Amino acid sequence: MSSDLLIELPRLDAAMRRLVRGFGSSEEEVEAVASNLIEANLCGHDSHGIGMLPRYAQAYLQGGLVPNRHVRTLLDAGSLLRLDGGAGFGQVIGREAMALGIERAHASGSCILGLGNSHHLGRIGAWAEQAAAAGLVSLHFVNVVSRPIVAPHGGGDARFGTNPFCAGVPLSGREPVIVDFATSVIAQGKTRVAHNKGESVAPDCLIDDQGRATQDPRFTVVPPFGALLTVGAHKGYGLALLCELLGGALAAGLTQGPEDGTNKRVLNGMFSVLVDPAALADRAAFEQEAQRFIDWVRASPPREGFEAVQLAGEAERAWKKRRSAEGVPVDATTWDEILGAAESLGVDPKSIQRDAGLA
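Residues numbered from 1 in each chain as written. Predicted model: local features only at pLDDT ≥ 70, side-chain atom pairs only at ≥ 80, totals over all residues. Heavy atoms only, no water.

1. Here we look at the overall build of the protein chain
Of regular secondary structure, the protein chain possesses 12 helices and 12 strands. Its C-alpha radius of gyration of 20 Å places the protein chain within 12% of the 21 Å reference for a compact globule of 359 residues. Overall, the protein chain is about 55 × 50 × 45 Å in size when its C-alpha atoms are taken along their principal axes. Counting contacts in the protein chain only where the partners sit at least 6 residues apart, residues at least 24 apart contribute 69% of the total. Surface summary for the protein chain: the accessible area is close to 16,000 Å², and the carbon and sulfur share equals 54%. Here the protein chain carries 33 positive and 41 negative side-chain charges, and the mean point of each set is 1 Å from the other. (Helix = DSSP H or I, 4+ residues; strand = E, 2+ residues; numbered from the N terminus. Rg over C-alpha atoms; globule rule 2.2 N^0.38 Å. Contact = heavy atoms within 4.5 Å. Areas by Shrake-Rupley, 256 points an atom, 1.4 Å probe, with all protein chains shown as cover. Lys, Arg positive; Asp, Glu negative; His and termini not counted. Charge placed at Lys NZ, Arg CZ, Asp CG, Glu CD.)

What follows is the structure, given as structure tokens:
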């Protein structure tokens, strides 16, 4: 079992910024990447947090991740945009793409946005949150071009990625409702975290390299590889297909296929729809009806084992409050991998340790 280190938030921020500078990134990019990854950890999604940096470093050294890239417009038809990320950091490309979509949605009432060739976009909920902060409803269908890791329903090997779906609904004066999930039962990064901690995953999440059920996360981390299963069986499989067809074939012009297992890049395509609710309906009436329904749902008496009915996004906010105050846990194996990534980028691992308060 791998023990956890507990790192104070300011120290973790300083350490990760130092590491990201090793990519040769501008200070603006350093801030975008480090803050986005740490935000994922704060929200309880360690799968999308700083533990991604070792893979980012490998992708960069292979030429699959290009620092200091900015989003490029391939098609501008007013409220219809097609964008290219140039294999740049998704934390920058995603934010810039959403900013363009938000601007057009405010001007026209809606915007359909296709983004391709972005390196790992991270936690897709961040982009729904960006849209919600601007008062916009948003939908996001995302594909993943990397080593296939998820089996189709009824299939015995991996044929696509974790293909996340996300949606955000803003409500004036209240926290937005943010739905963000991989179409696999669990995110691939969660199996990496479990593997590093020496833990098993829950039943009915994985199959091994022979297509048999297993709880050993190694089958998604080290060869011979098995596969994750789709959430909700055929239902999640259907949504994963939509993410591949819309985020991949339509938005990015690139879908999943056989991939060299040594290739560490993670490319995302994203098909996003942004809508200004005030342009579609009376905003006050919409929000009043939405809140009426939310109150009705939350009034359901909790069943055994639950404290209360929660809305999407509430658990993440609770995690963020706790970890911001107490520090961010990082398992020792992941931390060793991060130190190795720093060294591969020419950053002294001892300086990372000192920044983190671990030396």
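2. A few points about the state of the cysteines
Tallied over the entire structure, the rule returns 0 disulfides. Unpaired in this structure, Cys166 has its nearest cysteine sulfur neighbour in Cys243, at a distance of 10 Å. Take Cys243: its relative accessible area is 0%, and that puts it in the buried class. (Disulfide = S-S within 2.5 Å. Buried < 20%, exposed > 50% of the residue type's maximum accessible area, 1.4 Å probe, protein only.)

3. Some words on the pairing of strand β11 (residues 267-275)
Most of β11 is tucked away: 7 of the 9 residues are buried. As paired strands, strand β4 (residues 110-119) and β11 are joined by 8 bridges and run antiparallel to one another. Bridge pairing in β11 links Cys111 to Leu274. Summarising the sheet, strand β5 (residues 137-145) and β11 pair through 9 bridges and their orientation is antiparallel. Residue Val142 lies in a different strand from β11, and its bridge partner there is Met270. (Pairing = 2+ DSSP bridges.)

4. Description of the environment of Phe225
Along the chain, Phe225 turns up in the loop between β9 (213-214) and β10 (227-228). Exposure remark for Phe225: the relative accessible area of 29% places this residue in the partly exposed category. Residues Phe225 and Pro148 lie 77 residues apart in sequence; the distance between their C-alpha atoms is 9.7 Å. Not counting residues within four places of it along the chain, the set of residues in contact with Phe225 comprises Arg147, Asp209, Phe219 and Thr220.

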